[in-house]
Amino acid sequence: MARKTPVQPTEVLALDTDAVNAANAALTLQGQQATRLMSAYNVTHANPDALEAEIRGYQTTAVEAMFAIGARLLVMRTVVEHGDWIKRLERLNMAPRAAQRVMQATLKFADPSKPRDKLLGLGKGKLIELLTLDDEELDVLSGGGDVLELDLDDVAGMSTTELRKHLREARADAEAKDRLIEKRGKEIDKLHTQLERKFVPEPGSVAETETEQAQYLALQEAHTEALAVLARLTVVVRDIKAAPSVSEAMEMAADNAIRHACQRLVDIVNDNGLAIDLEELVTPAWLQAPDDAATQSKARGKRS
């Protein structure tokens, strides 16, 4: 009789106790979330396949069906992984954004702790548009008050498209008014500060009043800009004249540009009644030989 081969003992694998405990804790948390949602929205089970089948049946109904779908989506979202969630939405022909809006509508309009029964007769489309309102605004509207210049009768008499358009425009108008009010408030605060603050001239400034200070700053800015323009003109003229094959016409154009700039400066001097000795500006006395300086000084005396 042949001898039997002895059976080797099976190797026992060591378990990662921490990983097992973490997985169990995650499953417990998911189960608690699912149980809470099931109790709140009267869903009898948390089986993803059965929930998907029920959602498919409810998709053909109206507002109540939307809430039923939303409740089941809320439960299903807590018991499936992210990748599986997207796949199940695809099998239901439901975009993630649409699913999110249905779940939001369920939380806003079907939560037993926030009864808003008067809004339920508006229809699925209008309820979806009203998701842009916050809880306080929804409570006001459900209670018969006005929100964004609309009451419940106004909303009922509108089409979904009209409601969407009105809400967007009203919200934009409200935001624009808030920005305008904020801007005017800052301007008033600035004016009050200026009125209450005693004017103190800046160091080195010749201004003695706040108006003169503004004028002085404008004068300095204009002066700096004028010097910068003249410096640019100087560079352009120099580049033209330094060109190896510059034409006579281009040199003449450059000279005329300088003459015209000088003429404008002379016009400014005359318009303001200033006495400016151009010869002194071109060749100051300290650059001249003693005899030349004396001669020019006498000539200026005769002219004056």
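Everything below is about the structure printed above this text.
The structure reproduced in this document is the subject of the present report. Everything quoted here is computed from the prediction, not taken from an experiment.

As a further point, take the overall build of the protein chain. What the protein chain contains, in helices and strands, is 14 helices and 0 strands. Mapped from its N terminus to its C terminus, the protein chain presents α and β elements in the order α-α-α-α-α-α-α-α-α-α-α-α-α-α. Within the protein chain, the fraction of its 304 residues that count as buried is 23%. Element-wise, carbon and sulfur atoms account for 56% of the exposed surface of the protein chain, whose accessible area totals about 22,100 Å².

Together, Leu227, Leu230, Leu265 and Ile268 make up a nonpolar patch on the protein surface, roughly 340 Å² of accessible area in all. If you list the elements that add at least two residues to the nonpolar patch, you get α11 (210-242) and α12 (248-271). Considering the arrangement of structural elements, one finds Leu230 in helix α11. Relative accessible area serves as the criterion here: at 35%, Leu230 is assigned to the partly exposed category.

What follows is about the nonpolar core. Counting 44 residues, the largest nonpolar core has Leu73, Trp85, Phe109, Leu119, Leu130, Leu133 and Leu141 as the members making the most contacts within it. Other than its neighbours up to four places away in sequence, Leu119 contacts Phe109, Leu127, Leu138, Leu141, Ser142 and Leu152.

Bringing the pattern of salt bridges into the picture now. Applying the stated criterion across every chain, the model contains 12 salt bridges. Where Glu52 meets Arg88, a salt bridge forms, and the shortest distance between an N and an O atom there is 3.0 Å. Placement of Glu52 in helix α2 (residues 48-58) and of Arg88 in helix α4 (residues 82-91) is noted, with a sequence separation of 36 residues between them. For the pair Glu52 and Arg88, one class covers both residues: buried. Between Asp267 and Arg264 there is a salt bridge, with its nearest N and O atoms 3.5 Å apart. Of the two residues, Asp267 and Arg264 both sit in helix α12, 3 residues apart, roughly one turn of that helix. In this structure Asp267 comes out as partly exposed when scored by relative accessible area, which is 26%. You can call Arg264 partly exposed: its relative accessible area is 41%.

Checked against the element boundaries, Glu129 lands in helix α7 (residues 124-129). Taking relative accessible area as the criterion, Glu129 reaches 10% and is therefore assigned buried. Polar side-chain contacts of Glu129 include one of 3.0 Å to the side chain of Arg164. Among all residues touching Glu129, those that are not within four sequence positions of it are Arg101, Thr160, Leu163, Arg164 and Leu167.

This brings us to a negative patch on the surface. A cluster of acidic residues, Asp146, Glu149, Asp153, Asp154 and Asp173, forms a negative patch at the surface. Within the secondary structure, Asp153 is located in helix α9 (residues 152-157).

Thresholds applied
- The residue numbers shown here count from 1 along each chain, following its written sequence.
- Reporting in this predicted model follows two pLDDT cut-offs: at least 70 for local features of residues, and 80 or more for side-chain atom pairs to be given and counted; totals over whole chains, interfaces and linings ignore these cut-offs and use all residues.
- Where side-chain values are given, they derive from all heavy atoms of the structure, hydrogens and water being excluded.
- The way it works is that DSSP assigns letters per residue, a run of H or I at least four long becomes a helix, a run of E at least two long becomes a strand, and they are numbered from the N terminus.
- Exposure classes here rest on a 1.4 Å probe applied to the protein chains alone. A residue is buried below 20% of its type maximum, exposed above 50%, and partly exposed in between.
- Here the open area of atoms and residues is found with the Shrake-Rupley method and a 1.4 Å probe, where only the protein chains shown may cover a residue.
- Each patch groups residues whose relative accessible area exceeds 30% and which form no salt bridge, using 9 Å between like charges and 5 Å between nonpolar side chains of Val, Leu, Ile, Met, Phe, Trp and Tyr.
- A side-chain nitrogen of Lys or Arg and a carboxyl oxygen of Asp or Glu constitute a salt bridge if their distance falls within 4 Å.
- Remark: nonpolar core denotes a set of buried residues (Ala, Val, Leu, Ile, Met, Phe, Trp, Tyr, Cys) joined through side-chain atoms within 4.5 Å.
- Contacts were defined at the residue level, with two residues in contact if any of their heavy atoms lie within 4.5 Å.
- Under this definition, polar contacts are N or O atom pairs within 3.5 Å; protein pairs additionally need one hydrogen-donor-capable and one acceptor-capable atom, and for neighbouring residues in sequence, both atoms have to be side-chain atoms.
- In this tally, Asp and Glu contribute negative charge and Lys and Arg positive charge; neither His nor the terminal groups of the chain are included.
- Here the site of a charge means NZ on Lys, CZ on Arg, CG on Asp, or CD on Glu.

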